[in-house]
Amino acid sequence: MEKARQEEIDQVIDAIDLSMQEPEVEPYRQYYFIKKCRQMIAQLTDKLGQRPTANVVTFGCQMNSRDSEKLEGILADIGYTFADSEDADLVLFNTCTVRENANDKLYGRLGQLKRYKEKNPDMLIGICGCMMQEAEEVERIKKSYRYVDIVFGTHNIYKLAEILNERLEGNRQVVDVVEKADEIVEQLPNKRLYSFKSGVNIMFGCNNFCTYCIVPYVRGRERSREPEDIIREIQNLVADGVVEVMLLGQNVNSYGKNLENPISFAQLLEKVVAIDGLKRVRFMTSHPKDLSDDLIRVIKENQKICRHLHLPLQSGSTAILKKMNRGYTKESYLDLALKIRREIPEMSLTTDIIVGFPGESEEDFEDTLDVVRKVKYDSAFTFIYSKRSGTPAAKWENQVSDEVIKERFDRLLKEVQKDAANSTKKYEKETVDILVENLNDHMDGYVTGRMSNNMVVHIPGQKSLIGKIISVVLDEAKGFYYMGHMVESEV
């Protein structure tokens with residue numbers, strides 16, 4: 001977390017009198033419980049002879065990753081250090097439930113952890129996140145996994161210290177799941193994964209209710225943060241060395257509609273790019289039905305806004321899109337995508353596509369291929385439709401056979417890969433800026449960076465380059481990434 005803000009929080013926590021009643025107002029209520037937990041973790045440290053270890057395991061989207069940074073920040077603040085494995089004193093699963101196999105994966109991991117807990121009776125196991133917003137999954141945990149210590153959902157991530165305190169004081173399983181969020185609590189400790197870039201939540205929840213998607217049921221309805229709070233957070237991040245932020249929401253294009261003083265996402269972006277010292281702005285995810293001409297204009301006029309737009313298609317068939325409740329047609333999507341291509345030619349367009357949605361005919365699938373051929377996506381995430389219980393589509397008849405789905409999926413993948421390879425090839429030999437993000441895992445003496453359009457570049461370089469924006473020559477396109485070399489130091 002930004003150092004100045006952390007110091008402010010620590011000063012407030014240090015001044016808290018634990019003999020007084022806990023506050024009702026957030027985030028001061030959480031500061032109270034952070035201090036209480038600090039005392040108990042200090043006692044555990046004395047017992048163990050070292051600080052207890054924690055391991056936060058994250059499934060799912062970038063919003064979950066951002067939530068996990070908050071969870072780790074709270075755990076660090078109360079005295080935990082972090083382990084690389086689940087053989088730790090506290091293991092906390094931040095779950096995803098978009099697909100049911102994610103749930104199955106969690107239960108497999110819980111079975112393994114039971115053996116760790118038998119060796120270490122003081123070990124704590126927690127589960128939070130989207131999966132815990134499903135009542136039947138919570139009941140399954142309470143009934144069959146009684147050794148799980150704490151359970152909470154997406155709407156009260158910020159209450160980790162309070163929930164942990166209740167478990168440590170009561171020595172019993174604590175389940176604290178609420179159906180909806182009453183407030184947005186952001187002023188808490190935070191442990192960023194990167195020192196030079198950060199996600200920033202601008203809104204939570206989703207109002208769209210696509211018929212295949214569980215997200216609105218577990219993340220709740222849309223709630224936007226006040227623009228002043230977002231700007232202040234980004235200013236603090238920049239003061240702490242952040243050069244790139246990613247604005248996060250389930251549908252950023254509908255940001256601000258529910259505020260007392262409504263503001264559009266385009267207007268928010270204009271405020272963000274005006275922040276001194278901030279060099280790059282990304283955002284996701286955009287819903288096609290809400291992407292305005294004003295937003296296209298703002299992106300076009302501001303080079304700080306990265307040239308990458310993720311624009312989920314899901315299907316190219318108007319009939320299937322209607323069944324999906326996506327709110328646009330094949331024609332309106334194509335008009336939008338091709339307008340973006342015209343207005344901002346350097347923009348990288350990526351997408352999500354589902355193959356085999358209930359009732360999808362060969363003609364419907366050919367419509368999807370037609371959109372892919374016309375838009376020529378720089379990359380695409382392609383998914384085979386799988387039933388998600390709790391969604392309308394899971395109950396529908398006319399499911400597409402596995403054999404047909406596989407054949408269509410292979411055809412789609414071939415088309416997408418061809419376009420992506422051609423897209424990568426066109427930038428070969430050009431000089432571009434990249435933000436160096438990490439050491440290369442597979443090649444000694446190399447670092448890995450990312451272009452404005454989100455393409456990955458590997459170059460010879462040392463650790464000292466991490467976090468810097470440098471100019472490189474793209475020597476060779478390798479399908480989904482480039483090999484290159486540096487031509488000058490930090491911009």
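Our structure is the block above this text.
Residues numbered from 1 in each chain as written. Predicted model: local features only at pLDDT ≥ 70, side-chain atom pairs only at ≥ 80, totals over all residues. Heavy atoms only, no water.

A.B. asks: I would appreciate a short explanation of the overall build of the chain in the present structure.
C.D. replies: When you go through the chain residue by residue, the secondary structure sums to 14 helices and 19 strands. In terms of overall size, the chain behaves like a compact globule, its C-alpha atoms giving a radius of gyration of 24 Å where 491 residues would be expected to give roughly 23 Å. Over its C-alpha atoms, taken along the principal directions, the chain stretches across nearly 65 × 60 × 50 Å. Among the 491 residues that make up the chain, the fraction classed as buried is 56%. Looking at the chain alone, contacts between residues at least 24 apart form 72% of all its contacts between residues at least 6 apart. Accessible surface, the chain: about 22,000 Å² in total, of which carbon and sulfur atoms supply 48%. (Helix = DSSP H or I, 4+ residues; strand = E, 2+ residues; numbered from the N terminus. Rg over C-alpha atoms; globule rule 2.2 N^0.38 Å. Buried < 20%, exposed > 50% of the residue type's maximum accessible area, 1.4 Å probe, protein only. Contact = heavy atoms within 4.5 Å. Areas by Shrake-Rupley, 256 points an atom, 1.4 Å probe, with all protein chains shown as cover.)

A.B. asks: Is there a simple way to explain the nonpolar core in this structure?
C.D. replies: Nonpolar side chains tend toward joint burial in soluble globular proteins. Ranked by size, the top nonpolar core spans 69 residues in total, and within it I234, L247 and F265 carry the most contacts. For this core, the element with the highest residue contribution is helix 9 (residues 265-273), accounting for 6 residues. Look past the residues within four positions of F265 in its chain and what remains in contact with it is I202, L247, V252, N253, Y255, F283 and L295. Counting residues in hydrophobic clusters, the runner-up holds 32 residues, among them I9, L44, A54 and L164. (Core = buried A, V, L, I, M, F, W, Y, C linked by side-chain atoms within 4.5 Å.)

A.B. asks: Sorry if this is basic, but what is going on with the packing of helix 9 against helix 10 (residues 293-301) here?
C.D. replies: Relative placement of two packed helices is described by the angle separating their axes and the distance separating the axes. Interaxial distance between helix 9 and helix 10 falls to 8 Å at its minimum, and their mutual angle equals 20 degrees. When the axes of helix 9 and helix 10 are compared, the pair comes out roughly parallel. For the crossing formed where helix 9 meets helix 10, the hand is left-handed. Listed contacts from helix 10 to F265, A266, L269 and E270 of helix 9 are D294, L295, R297 and V298. By residue class, the composition of the contact of helix 9 with helix 10 is 5 nonpolar, no polar and 3 charged. (Axes fitted to C-alpha atoms, helices over the stretch in contact; angles between N-to-C directions. Parallel < 35°, antiparallel > 145°, perpendicular 65-115°, else oblique. Left-handed = near helix turned anticlockwise from the far one by under 90°. Nonpolar A, V, L, I, M, F, W, Y, C, P; charged D, E, K, R; others polar.)

A.B. asks: Help me understand a nonpolar patch on the surface in this model?
C.D. replies: Residues V12, V25 and Y28 make up a contiguous nonpolar surface patch of roughly 260 Å² in combined accessible area. Counting through the fold element by element, V25 comes out in the loop between helix 1 (3-14) and helix 2 (28-48). By relative accessible area, V25 is classed as exposed at 54%. (Patch = residues over 30% accessible without salt bridge, like charges linked within 9 Å, V, L, I, M, F, W, Y side chains within 5 Å. Salt bridge = Lys/Arg side-chain N within 4 Å of Asp/Glu carboxyl O.)

A.B. asks: For this particular structure, what's the right way to read the sheet that holds strand 7 (residues 197-201)?
C.D. replies: In sheet architecture, strand pairing relies on hydrogen bonds along the backbone and comes in two forms, parallel and antiparallel. Spatially, the 3 strands line up as an open sheet ordered 7-10-11, and their pairing is parallel. Of all the strands in the sheet, just strand 7 and strand 11 (280-284) have a single pairing partner and so form its edges. For this sheet the average axis-to-axis angle between neighbouring strands, irrespective of direction, equals 25 degrees. Pairing geometry for strand 7 and strand 10 (residues 244-248), over 5 bridges, is parallel. Each bridged residue has a counterpart across the sheet, and for N201 the counterpart in strand 10 is L248. Contacts from helix 8 (residues 227-239) reach strand 7 and strand 10, with the element oriented near 165 degrees to strand 7. Relative to strand 11, helix 9 is tilted by about 155 degrees, and along the sheet it contacts strand 10 and strand 11. (Pairing = 2+ DSSP bridges.)

A.B. asks: Help me out: how do you make sense of the packing of aromatic side chains in this one?
C.D. replies: When we look at a pair of aromatic rings, we describe it by the centre distance and by the angle of the planes. By the definition in use, this model includes 12 aromatic pairs. Judged by centre distance (5.8 Å) and plane angle (35 degrees), the ring pair of Y328 and Y333 falls under tilted. For the pair Y328 and Y333, a shared accessibility class is recorded, and that class is buried. In textbook terms, an aromatic cluster arises when at least three aromatic residues are bridged by ring pairs, as seen for Y212, F357, Y385 and W396. Seen from the ring of F82, K191 lies directly overhead, with NZ or CZ sitting 4.8 Å from the centre. Across the ring face of Y194, the terminal group of K197 is positioned such that the distance to the ring centre comes to 4.6 Å. (Phe/Tyr/Trp six-rings, centres within 6.5 Å; stacked < 30°, edge-to-face > 60°. Lys NZ or Arg CZ within 6 Å of the ring centre and 35° of its normal.)

A.B. asks: What is the right way to look at the sheet that holds strand 12 (residues 308-310) in this model?
C.D. replies: If you trace the 3 strands from one edge of the open sheet to the other, you get 12-13-14, paired in parallel fashion. The open sheet has two edge strands with one neighbour each: strand 12 and strand 14 (379-384). When strand polarity is set aside, the average angle formed by the axes of neighbouring strands in this sheet is 15 degrees. Note that strand 12 and strand 13 (residues 348-355) share 3 bridges and pair parallel. Looking at strand 13, one finds that H308 is bridged to S348.

A.B. asks: Looking at this structure, how should I read the packing of helix 4 (residues 100-119) against helix 5 (residues 135-144)?
C.D. replies: Contact geometry of helix 4 with helix 5 gives a least axis separation of 13 Å together with a crossing angle of 15 degrees. With respect to each other, helix 4 and helix 5 are oriented roughly parallel. The handedness of the crossing between helix 4 and helix 5 comes out as right-handed. Contacts from N103, Y107 and L110 in helix 4 reach E137, R140 and I141 in helix 5. Here the residues of the contact of helix 4 with helix 5 are counted per class, giving 3 nonpolar, 1 polar and 2 charged.

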